[in-house]
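Observations on the three-dimensional arrangement
Residues per chain, in single letters:
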Amino acid sequence: MTATLKHSDAITVDVALGDRAYDIIIGRDMLASLGARVAALRPGARTAIVTDRTVAKHWLEKAEASLAAAGIATARVIVDEGEGAKTYAGLERVSEALIAARIERNDLVIALGGGVVGDLAGFAAAILRRGVDFVQVPTSLLAQVDSSVGGKTGINSPQGKNLLGAFHQPVLVIADTAVLDTLSPRQFRAGYAEVAKYGVLGDEAFFTWLEKNHADLFKGSAAREYAVATSCRAKAAIVSRDERETGERALLNLGHTFGHALEAATGFSDRLFHGEGVAIGMVLAAELSAELGMISGQDAARVQRHLADAGLPTHLQDIAGFAQEGLTDADALMTLMAQDKKVKRGKLTFILLEALGRAVIVPDVEPALVRDFLKEKLARKK
Ligand code: GLY
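Definitions and limits used
- Residues numbered from 1 in each chain as written.
- Predicted model: local features only at pLDDT ≥ 70, side-chain atom pairs only at ≥ 80, totals over all residues.
- Heavy atoms only, no water.
- Near = heavy atom within 4 Å.
- Polar contact = N/O pair within 3.5 Å; in protein donor to acceptor, adjacent residues only side chain to side chain.
- Areas by Shrake-Rupley, 256 points an atom, 1.4 Å probe, with all protein chains shown as cover.
- Nonpolar A, V, L, I, M, F, W, Y, C, P; charged D, E, K, R; others polar.
- Phe/Tyr/Trp six-rings, centres within 6.5 Å; stacked < 30°, edge-to-face > 60°.
- Helix = DSSP H or I, 4+ residues; strand = E, 2+ residues; numbered from the N terminus.
- Buried < 20%, exposed > 50% of the residue type's maximum accessible area, 1.4 Å probe, protein only.
- Lys NZ or Arg CZ within 6 Å of the ring centre and 35° of its normal.
- Axes fitted to C-alpha atoms, helices over the stretch in contact; angles between N-to-C directions.
- Parallel < 35°, antiparallel > 145°, perpendicular 65-115°, else oblique.
- Left-handed = near helix turned anticlockwise from the far one by under 90°.
- Contact = heavy atoms within 4.5 Å.
- Salt bridge = Lys/Arg side-chain N within 4 Å of Asp/Glu carboxyl O.
- Pairing = 2+ DSSP bridges.

Turning next to the site of the ligand. Residues in close proximity to the ligand include D146, K152, K235, E245, R249 and L252, which together make up its full environment. A distance of 3.0 Å separates a nitrogen atom of the ligand from a polar atom in the side chain of D146. Taking K235, its side chain carries an N or O atom lying 2.5 Å from an oxygen atom of the ligand. Burial of the ligand by the protein chains amounts to 88% of its free accessible area of 200 Å². Residues belonging to the shell around the ligand are distributed by class as follows: one nonpolar, no polar and five charged.

Below, the structure is given as structure tokens:
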């Protein structure tokens, strides 16, 4: 199938949200079209680009040149790199810079960056003058297939991740697959976990395609555009049916209950990127599903094998420093899972699999069962 794929013109995915519907434009070198697309969307608007230092080094001038060529005035707001920017102080800095740049109700904020920049700039846009529109230009694979789509924006509280935020949909998403060429292989792989997630949770045929074609996607062939577009289509379909996560949107959290606990246990540090935690979490969710008799052991092993083939960590023992720290303690992991904001009234809700390619929300999973399951996995010899 890959042989028939070609780098083509833009692929457009529609996020069908009524009067807040928007397009996701996917393709190589789409950043060059930013100015023309913004001019068509919002004639006469001023813009401010929010980005971080590394992304600025690679892509800010190109984005600014595209806006300038379309006659659009823009300011730049450069934030610190990493999760540390998603704080009250970070929000204050971005908001004040946007006010100083005289971004008004009909203007546009442009988030040029990965998930942190998108969440922070999107939240600042949501509260600036009670709501200014924003455009997402995601520059990481994770942001292209997940965080830039669906309108979740926010910052962290000292008490937990993403505890302050707003649903604020972008008015346009431009996913330029060429910008992914400057990601480190590890960052790319971590984003890939979220791509594989769409296959595991809702599309076995896509998972099978990924098993065959993931190497091409890593190299940057047209398989990459196909995978990003398929992922965005899957997310757009779920978000358009359940924007506020009252039901099926929770399926997108497959692997995240375990994954967030592991991220917290490793101090949200470089020891475990978010996507790596999701990869291990997805394998644990598949194995727990098998333990509960919902899928076969072979299907759980298939999920693990593919993620490992893609170079992702898939077992707790793959986490750097696994043996030295609290990671070996099932009770500590249980406590971290109980603090996850997706937990309701102390009961553990898991996204599990009733087939490879069909995830389900399982509320009230017996904590003792999960503790025993984790103990067994923690004792696994590699
Ligand atoms: N990343 C999960 C969601 O957008 O709902």
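This paragraph deals with the packing of aromatic side chains. One pass over the full model with this rule turns up seven aromatic pairs. Between F206 and W209, the aromatic rings sit 6.1 Å apart at their centres with planes inclined by 15°, giving stacked as the arrangement. Of this pair, F206 and W209 are both found in helix α7 (residues 204-219), three residues apart, which corresponds to roughly one turn of the helix. Assigned by exposure class, F206 and W209 land together as buried. Within the aromatic cluster, the residues linked to one another by ring pairs are F188, Y192 and F218. The side chain of K197 reaches across the aromatic face of Y198, ending 5.4 Å from its centre.

In a packed pair of helices, the relevant descriptors are the angle between the two axes and the axis-to-axis distance. One way to put it is that helix α3 (residues 88-100) packs onto helix α4 (residues 115-127) with a least axis distance of 10 Å and a crossing angle of 60°. With respect to α4, the axis of α3 lies oblique. Regarding α3 and α4, the two cross each other, and that crossing is right-handed. For the pair α3 and α4, contact is made by G90, L91, V94, S95 and L98 and by L120, F123, A124 and I127, respectively. Of the residues assigned to the contact of α3 with α4, the class counts are seven nonpolar, two polar and no charged.

Unlike most non-glycine residues, D29 shows phi in positive territory, near 65°. Mapped onto the elements of the fold, D29 is located in the loop between β2 (22-27) and α1 (34-41). Positive phi is not limited to glycine here, since E245 has a value of about 55°.

Inspection of the secondary structure puts Q169 in the loop between β8 (160-167) and β9 (172-176). Here Y22 takes part through its side chain, which lies 2.7 Å from a polar atom of the side chain of Q169. In this structure the side chain of Q169 is engaged in a polar contact, spanning 2.8 Å, whose partner is the backbone oxygen of G150. Excluding residues that lie within four positions of it along the chain, Q169 makes contacts with L17, R20, Y22, F134, G150, G151, V239 and E243.

A separate point is the pattern of salt bridges. Under the defined criterion, the tally for this structure stands at 23 salt bridges. In this structure, R20 engages E243 in a salt bridge whose closest nitrogen and oxygen atoms are separated by 2.7 Å. Placement of R20 in the loop between β1 (11-15) and β2 and of E243 in the loop between α8 (222-241) and α9 (256-265) is noted, with a sequence separation of 223 residues between them. Residue R20 is classed as partly exposed on the basis of its relative accessible area, which comes to 39%. On the accessibility criterion, E243 (14% relative accessible area) is buried. Across the salt bridge formed by R302 and E211, the nearest N and O atoms sit 2.9 Å from each other. Of the two residues, R302 is situated in helix α11 (residues 297-309) and E211 in helix α7; the sequence distance between them amounts to 91 residues. A residue is classified by how much of its surface remains accessible, and E211, at 28% relative accessible area, is partly exposed.

Here the focus is the sheet that holds β9. If you walk across this open sheet you meet the seven strands as β1-β2-β9-β6-β5-β3-β4, and the pairing is mixed. Here the strands that pair on one side only, and so sit at the sheet edges, are β1 and β4 (74-79). Put simply, the sheet's adjacent strands are angled 20° from each other on average, direction ignored. Two strands pair when backbone bridges link them, and β2 and β9 are joined in this way by five bridges, in the parallel orientation.

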